[in-house]
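A structural walkthrough
Below are the chains, spelled out letter by letter.
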Protein chains: 2
Amino acid sequence: MSSTPPPRVGDAYNPDCPTRHILDRIGDKWAVLVLLSLKDGPVRFNLLRRRIGAISQKMLSQTLKSLERDGLVSRAAFATVPVTVEYRLTPLAGGLIGILDQITNWAETHVGDIMAARRAHDAGVEAMAA
Amino acid sequence: MSSTPPPRVGDAYNPDCPTRHILDRIGDKWAVLVLLSLKDGPVRFNLLRRRIGAISQKMLSQTLKSLERDGLVSRAAFATVPVTVEYRLTPLAGGLIGILDQITNWAETHVGDIMAARRAHDAGVEAMAA
DNA sequence: CAGAATCCCGATCGATACTG
DNA sequence: CAGTATCGATCGGGATTCTG
């Protein structure tokens, strides 16, 4: 036993380190897209589904549940006919959204550089193969 | 041909959107850990391996290659005996590191909230099941 | 409309062994 | 030391079907 080995800060390599949990959440492609889809206000399930487009109903449902579990998204059901369900970001998610926006901003500004590097690298590799 | 379909900004849902490429890179758990491991200077292959600990040499090698391809990491080999290879961040990766640091900071500050939300949620679910 | 349950394929990843 | 190659197990995730 003697559990809880040193949860060292800044040591995200240790699976025991709680930071890893958040990193894994960010690492979840769908989770990030869902969070970004919700940043302008509450959205219903199927609308969310259509917005993201590429996501399957299963993954959306699954992603929403895990985000709700982590307190990043809240669910509200209305007893209309048929039933309506809205998802929205929690205050906790607010700060995270800011960072995610920075990532997309960075991506938009530097995607050209990355694509260029990729082409240059691939050209080099191709030359070697020839 | 007629490639490059509308790379709409802010529309990361579209797989054709270049932003997705970066999101996928971030979504790569190992890639993020490798980048963070390199932020204090160049590191040799096996040292990197030992630092991250949980990574297999296959994944490390694979991750490094893709990061190099994207111009985020550069490789330098020295003809010592035995051979020495150093990996370091490129200038391009600099800005990205700043954002990744923000993520780990956010994670460290809010992991408590998330864990608490998770426990509360699980308790509720357990109550339902009973 | 919102979601749960089932089936199932293929990408991912780890362990192992070999090379320069 | 710094990798590559191969194999096998795991599992994420899509398509489909059914319910409240």
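These lines cover the structure that appears in this document, whether it is placed above or below. (Residues numbered from 1 in each chain as written. Chains lettered and ligands numbered in written order. Predicted model: local features only at pLDDT ≥ 70, side-chain atom pairs only at ≥ 80, totals over all residues. Heavy atoms only, no water.)

Turning next to the interface of chain B and chain A. Counting from both sides, the interface comprises 43 residues of chain B and, opposite them, 43 residues of chain A. Approximately 4400 Å² of surface area, both sides summed, lies buried where chain B meets chain A, with 70% of it carried by carbon and sulfur atoms. Joining chain B to chain A, the criterion identifies 4 salt bridges. Counting every contact that joins chain B to chain A gives 7 residue pairs in polar contact (both at pLDDT 80 or more). Where the side of chain B that touches chain A is concerned, the elements lending two or more residues are α1 (19-26), α2 (29-37), α3 (45-52) and α5 (91-129) of chain B. Considering each element in turn, the side of chain B that touches chain A owes the most residues, 19 residues, to α5(B). (Contact = heavy atoms within 4.5 Å. Buried area = accessible area lost by both parts, 1.4 Å probe. Salt bridge = Lys/Arg side-chain N within 4 Å of Asp/Glu carboxyl O. Polar contact = N/O pair within 3.5 Å; in protein donor to acceptor, adjacent residues only side chain to side chain. Helix = DSSP H or I, 4+ residues; strand = E, 2+ residues; numbered from the N terminus.)

Between the two copies, chain B and chain A, the superposition gives an RMSD of 0.0 Å; the rotation angle is 180 degrees and the shift along the axis is 0.0 Å. These values place the two chain copies in the arrangement generated by a two-fold rotation axis. Minimal C-alpha separation from the rotation axis in chain B is found for G27(B), amounting to 1.9 Å. Residue by residue, 100% of the interface of chain B is reproduced at the interface of chain A, so both copies engage with the same surface. (Least-squares fit on C-alpha atoms with pLDDT ≥ 70 in both.)

Not every one of the 19 residues close to DNA strand C is listed here, only the nearest: N46(A), R75(A), Y87(A), K58(B) and M59(B). By atom count, sugar and phosphate contribute 61% of the portion of DNA strand C lying within 4 Å of the protein. Interatomic distance of 3.0 Å between a side-chain N/O atom of S56(B) and a phosphate oxygen of DNA strand C. Mapped onto the surface near DNA strand C, the elements with two or more residues apiece are α3 (45-52), α4 (57-69) and β3 (84-89) of chain A together with α4 (57-69) of chain B. Of the residues forming the surface near DNA strand C, the biggest block, 4 residues, is contributed by α4(A). For the surface near DNA strand C, a count of residues per class yields 8 nonpolar, 5 polar and 6 charged. (Near = heavy atom within 4 Å. Nonpolar A, V, L, I, M, F, W, Y, C, P; charged D, E, K, R; others polar.)

Quick look at the pattern of salt bridges now. Evaluation of the coordinates by the stated rule reveals 10 salt bridges over all chains. Notably, a salt bridge pairs K39(A) with D101(A), separated by 2.9 Å at the nearest N-O pair. Of this pair, K39(A) sits in the loop between α2 (29-38) and β1 (43-44) while D101(A) sits in helix α5 (residues 91-129), and the two are 62 residues apart along the sequence. Ionic pairing is found between R118(B) and D70(A), a salt bridge with its closest N-O pair at 2.7 Å. Of this pair, R118(B) sits in helix α5 while D70(A) sits in the loop between α4 and β2 (73-78), each in a different chain. The exposure class assigned to R118(B) is buried, which follows from its relative accessible area of 15%. Shared partners join several salt bridges into a network, and the residues in it are R25(A), D70(A) and R118(B). (Buried < 20%, exposed > 50% of the residue type's maximum accessible area, 1.4 Å probe, protein only.)

Taken together, 20 residues are adjacent to DNA strand D, and K58(A), Q57(B), S61(B), R75(B) and Y87(B) come closest. Near-protein atoms of DNA strand D (within 4 Å) split between backbone and bases, with sugar and phosphate holding 64%. S56(A) has a polar side-chain atom sitting 2.8 Å from a phosphate oxygen of DNA strand D. With respect to DNA strand D, the side chain of Y87(B) contributes an N or O atom lying 2.6 Å from a phosphate oxygen.

All names here are of chain B. Spatial ordering of the open sheet is given by β1-β3-β2, a layout of 3 strands whose pairing is antiparallel. The open sheet has two free edges, formed respectively by β1 (43-44) and β2 (73-78), since each of these has just one partner strand. Both β2 and strand β3 (residues 84-89) contribute to a ladder of 6 bridges, which runs antiparallel. Looking at the pairing, A77 lines up with V85 of β3. (Pairing = 2+ DSSP bridges.)

Any functional reading would require information beyond the geometric quantities listed.
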